[in-house]
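Working through the structure, step by step
Here is what each chain is made of, one letter per residue.
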Amino acid sequence: MAAPPLINALGSSGHVGSMDFRLFYCGRVGPDAGVTQRSPVVLRRRVCLQSLAAVGHIGMMDPCSFTCFSRCSTKHLNLFLHVDFDERVIRGKVQLTVEALEDRFSVLPYRQVWLPVVGACSQVISRTLGGKQTLDTRDLNIKTVSVNQQPARFALGDKHSFKGTPLDITLPFDLSRGQHVIVEVTYQTSPSASALQWLSPEQTAGKEQPYLFSQCQAHHCRSMIPCQDSPSIKHTYYAQVSVPKDLVAVMSAVRDGQKVDPQDSGRIIYKFRQPVPMPSYLIAIVVGALESRQIGPRSRVWCEKEFVDKAAFEFSETETMLKTAEDLAGPYVWGQYDILVLPPSFPYGGMENPCLTFATPTLLAGDRSLSNVIAHEISHSWTGNLVTNKTWEHFWLNEGHTVYLERMIGRCMEGEPFRQFKAMGGWKELQDSVNTFGANNPLTNLVPSLQDVDPDDAFSSVPYEKGFALLYHLEELMGGPEVFMGFVKSYIQLFAYSSVTTDDWKNYLFSYFKDKVDVLNQVDWNAWMFTPGMPPVQPQYDTTLADTCIALSQRWLQAKEQDLSSFQESDAAALSSHQLIEFLSLLLQGDPLPLTHVKKMQEVYNLNAFKNSEICFRWLKLCVRSKWEEAVPLALKMATEQGRMKFTRPLFREVFHFDKYKEEAVQVFKAHRAAMHPVTSALIAKDLKVEASSSGQ
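Residues numbered from 1 in each chain as written. Predicted model: local features only at pLDDT ≥ 70, side-chain atom pairs only at ≥ 80, totals over all residues. Heavy atoms only, no water.

**Things to note about the pattern of salt bridges**
Under the convention used in this document: Just to be clear on terms, a salt bridge is a Lys or Arg side-chain nitrogen sitting within 4 Å of an Asp or Glu carboxyl oxygen. Helical segments are the DSSP runs of H or I of at least four residues, strand segments are the runs of E of at least two, and each set is numbered from the N terminus. Here's how the labels work: a residue is buried when its accessible area is under 20% of the maximum for its type, exposed when over 50%, partly exposed in between, all with a 1.4 Å probe on protein chains only.
The final tally for this structure, using the stated rule, is 31 salt bridges. When the shortest N-O distance is used, the salt bridge between K660 and E629 registers 3.0 Å. Placement of the pair is K660 in the loop between α20 (645-656) and α21 (662-672) and E629 in the loop between α18 (613-625) and α19 (631-641), with a sequence separation of 31 residues. Assessed through its relative accessible area of 58%, K660 is described here as exposed. Between D687 and R653 there is a salt bridge whose closest N-O contact spans 3.3 Å. Taken together, the residues span a long stretch of sequence, with D687 in helix α22 (residues 678-687) and R653 in helix α20 at a distance of 34 residues. With respect to class, D687 is no different from R653; both count as buried.

**A short note on the pairing of strand β3 (residues 72-84)**
As a general feature of sheets, a regular strand has side chains that alternate between the two faces. The condition is simple: Being paired, for any two strands, means DSSP has found at least two bridges between them.
The pairing of β3 with strand β4 (residues 89-100) spans 12 bridges and is classified as antiparallel. Directly across from H76, in β4, lies its bridge partner T97. Where β3 hands over to β4, the hairpin turn is made up of four residues, of which R88 adopts a positive phi near 55 degrees. Across seven bridges, the pairing between β3 and strand β14 (residues 235-244) is parallel. Paired with L81 across the bridge in β14 is V241.

**Things to note about the UniProt feature "binding site: Zn(2+)" (unreviewed entry) in the chain**
Stated formally: UniProt positions are given in the numbering used here, feature names are shortened, and annotations may be inferred rather than shown by experiment. Any two residues whose heavy atoms approach within 4.5 Å are treated as being in contact.
According to UniProt, the "binding site: Zn(2+)" (unreviewed entry) feature falls on H376, H380 and E399. Maximum C-alpha separation among the annotated residues is 9.1 Å over a sequence range of 24 residues, consistent with a single clustered spot. Within the secondary structure, H380 is located in the loop between α5 (372-379) and β24 (387-389). With relative accessibility at 0%, the residue H380 sits in the buried group. The residues contacting H380, other than those within four sequence positions of it, are E352, N385, L386, N398, E399 and T402.

**Brief notes about empty space enclosed by the protein**
Put simply, the rule is: Grid points spaced at 1 Å and placed over the protein atoms alone form the basis of the search, with a cavity being a set where a 1.4 Å probe fits but cannot get out and a pocket an open set showing protein on both sides within 12 Å along at least five of seven lines. Lining residues have an atom within 4 Å of a point. Grid points are joined across faces, edges and corners, and a volume is the space filled by probe spheres set on the points.
Summed over all chains, the structure comprises two cavities of 30 Å³ or more. Put simply, the largest cavity is a space of about 250 Å³. If you trace the largest cavity, you find 19 residues lining it, with W392, F395, P455, A458 and F459 closest to the centre. Considering each element in turn, the lining of the largest cavity owes the most residues, three residues, to helix α8 (residues 455-458).

**Some remarks on the sheet that holds strand β23 (residues 356-359)**
Hydrogen bonds along the backbone pair up the strands of a sheet, which may run parallel or antiparallel. Here we have five strands laid out as an open sheet, ordered β19-β20-β21-β23-β22, and mixed in their pairing. Every interior strand has two partners, whereas the edge strands, β19 (290-296) and β22 (350-351), have only one. Sheet analysis places β22 next to β23, joined by two bridges and oriented antiparallel. In the sheet register, G350 faces β23, and the bridge partner there is A359.

**Comments concerning the packing of α5 against helix α6 (residues 395-414)**
Relative orientation and spacing of two packed helices are given, respectively, by the angle between their axes and the distance between those axes. Applicable threshold: To define axes, lines are fitted to C-alpha atoms, for helices over the stretch in contact only, and angles between the resulting N-to-C directions are given on a 0 to 180 degree scale. Put simply, angles under 35 degrees are roughly parallel, angles over 145 are roughly antiparallel, angles from 65 to 115 are roughly perpendicular, and the rest are oblique. Should the near helix be turned anticlockwise from the far one by less than a right angle, the crossing is termed left-handed; should it be turned clockwise, right-handed. Any residue that is not Ala, Val, Leu, Ile, Met, Phe, Trp, Tyr, Cys, Pro, Asp, Glu, Lys or Arg is counted as polar, Gly included; the first ten are nonpolar and the last four charged.
Viewed as axis vectors pointing N to C, α5 and α6 meet at an angle of 125 degrees, and their least axial separation amounts to 8 Å. Considering the angle they form, α5 stands oblique to α6. For the pair α5 and α6, the sense of crossing is right-handed. Seen from α5, the contacting residues are N372, A375, H376 and S379; seen from α6, they are E399, T402, V403, L405, E406 and I409. Considering only residue class, the contact of α5 with α6 consists of four nonpolar, four polar and two charged.

**Observations regarding unusual backbone geometry**
Cis geometry is adopted by the peptide bond preceding A218, which originates at Q217 and carries an omega value of 5 degrees. By the secondary structure assignment, A218 is in the loop between β13 (211-214) and β14. For C355, which is not glycine, the phi torsion reads 70 degrees and is therefore positive. Note that C355 resides in the loop between β22 and β23. Its relative accessible area of 2% is what places C355 among the buried residues. Of note in this structure, R368 is not a glycine but carries a positive phi near 60 degrees. When you line up the elements, R368 lands in the loop between β23 and α5. Using a relative accessible area of 28% as the deciding quantity, one classes R368 as partly exposed.

Structure (structure tokens):
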């Protein structure tokens with residue numbers, strides 16, 4: 001059998017860097033050929049990606065998406081969404097304005113087929129499936145498809161475990177490069193859509209109205225909207241959302257009025273516009289009994305009325321943070337900056353949806369001590385939302401830079417010792433993640449390969465804190481925070497409104513610091529980027545604010561039973577909330593404390609009474625690790641009363657590893673899993689080795 005045209009075009013002299021790899025293929029590969037027969041042939045080649053591109057057989061690809069974003073690009077979405085709480089579905093119509101990026105384009109946007117790569121190089125090659133066009137979907141019921149108002153043939157492909165199902169569409173005509181087409185899809189979501197959580201009235205604070213919220217990052221928008229669900233694609237959007245008249249809808253966009261639904265006088269249509277191009281994972285919707293309070297000239301806080309005033313107090317420094325970020329990174333381009341406090345099941349600390357940051361209610365500490373999460377989400381307005389990682393393998397570009405900018409905001413507001421103190425805490429979080437994954441786990445690489453890896457499974461503090469550590473290391477090499485922040489600002493300005501890879505970032509770093517290339521060449525880039533475990537360099541942070549925490553933790557670690565009477569209530573009273581968190585984090589780094597010690601700690605510090613969620617989490621984790629049985633119900637209570645994965649997953653794991661209560665951890669999880677967010681439920685099930693729920697949860 002002759003080699004496929006893709007392989008014939010290569011000759012034998014190509015290369016990918018200096019890496020050899022194998023191409024496994026099945027049948028013919030080409031723009032006019034499907035997979036016609038299977039073949040066991042394995043070809044060894046040193047293949048040049050530039051050669052592949054030259055013969056038109058390779059495009060840019062995203063291992064977490066079916067779409068091939070170098071062939072065509074979505075420029076705008078027009079959304080019509082009808083929210084049905086009775087059926088727990090959204091009935092939708094989406095009109096995608098798509099631009100062809102090549103001539104004789106008749107497929108939108110070309111399905112990717114992965115040809116496995118063996119060896120250290122993890123490049124992959126994409127090609128077309130003859131005459132098919134593809135959007136990402138997951139558990140969607142597709143009703144109709146049209147192109148420029150002409151009916152179009154479509155078919156759903158095979159379902160993938162985490163990528164969902166490709167929606168293959170055949171265009172009724174060819175397009176030339178630069179031409180636009182409007183593809184319209186009518187559809188309905190599944191009640192178990194991974195992007196959506198439907199809450200009964202009993203699960204809300206008010207107990208009277210249902211609630212809906214979305215969480216699309218990283219690859220869940222496809223379960224809410226058929227789209228090119230890759231961070232490489234950026235588009236504007238307009239939305240009209242029909243909801244029951246007693247409820248309010250908000251989205252990651254600017255509000256654009258409302259009207260009575262002409263089809264049902266018992267419903268209201270809320271309208272939204274997002275004029276700034278953004279990736280699909282930032283599309284967000286919330287529907288509930290919401291109220292809002294003004295907290296700044298361009299900011300409101302939204303939540304159920306039971307918490308709205310408390311939230312307004314907690315986030316009253318938002319405008320100061322916004323102005324500080326603008327001084328550091330440039331103008332805020334998104335117009336409105338609102339914060340929405342979600343019900344407790346929201347799985348993250350915050351989500352940087354443009355114009356409407358989502359925040360967990362676990363931030364409502366009562367003393368603004370956890371508002372640094374808002375500084376983080378504000379920072380995403382530049383690093384993540386404006387300049388975006390091209391694929392999730394480059395997630396550190398979003399999160400490492402955002403942590404860096406967040407801590408620069410803290411530096412401006414609280415001083416350099418505060419930035420150093422927070423950086424020390426971040427290093428410990430990185431150590432925890434590396435310990436959890438394992439020091440040799442490739443998912444602890446700063447730039448991991450995500451081929452055949454669910455990005456939800458890869459989520460950890462590694463891209464955040466390993467990324468920050470690299471940027472801080474470069475800051476020290478390049479001349480300090482002011483000098484390096486100049487680079488970060490320039491990087492944002494250069495790549496604004498686009499999506500980038502680590503190579504794009506690194507090339508610009510070398511260009512910006514062209515007079516210091518010799519210093520940059522001394523950095524062990526392979527160890528930082530592509531080697532698992534802790535970074536090759538540990539920054540030496542200033543310990544001024546940590547010294548008191550370190551001293552107190554050492555007293556407890558070294559104390560004999562007869563020394564316990566020396567501890568006093570004033571020990572903890574002298575610490576700020578941030579320092580108390582650090583104190584507990586230090587205790588968690590070593591071997592479990594003796595049970596007598598944690599009991600004494602509760603007696604003198606009364607840590608069970610603290611409301612700060614970061615303190616409660618670490619304290620309960622410490623108690624369970626020390627086998628204090630009285631702490632187990634408290635730990636499980638915290639793990640189920642809120643759903644922030646940063647807290648819930650480790651608490652379940654701690655109880656699960658307490659042999660006496662292993663089965664109780666499983667039973668409590670099973671009893672509460674239906675009320676959990678789908679992503680949270682799925683990951684805890686893996687942690688506890690529980691079979692996946694048949695309901696999709």
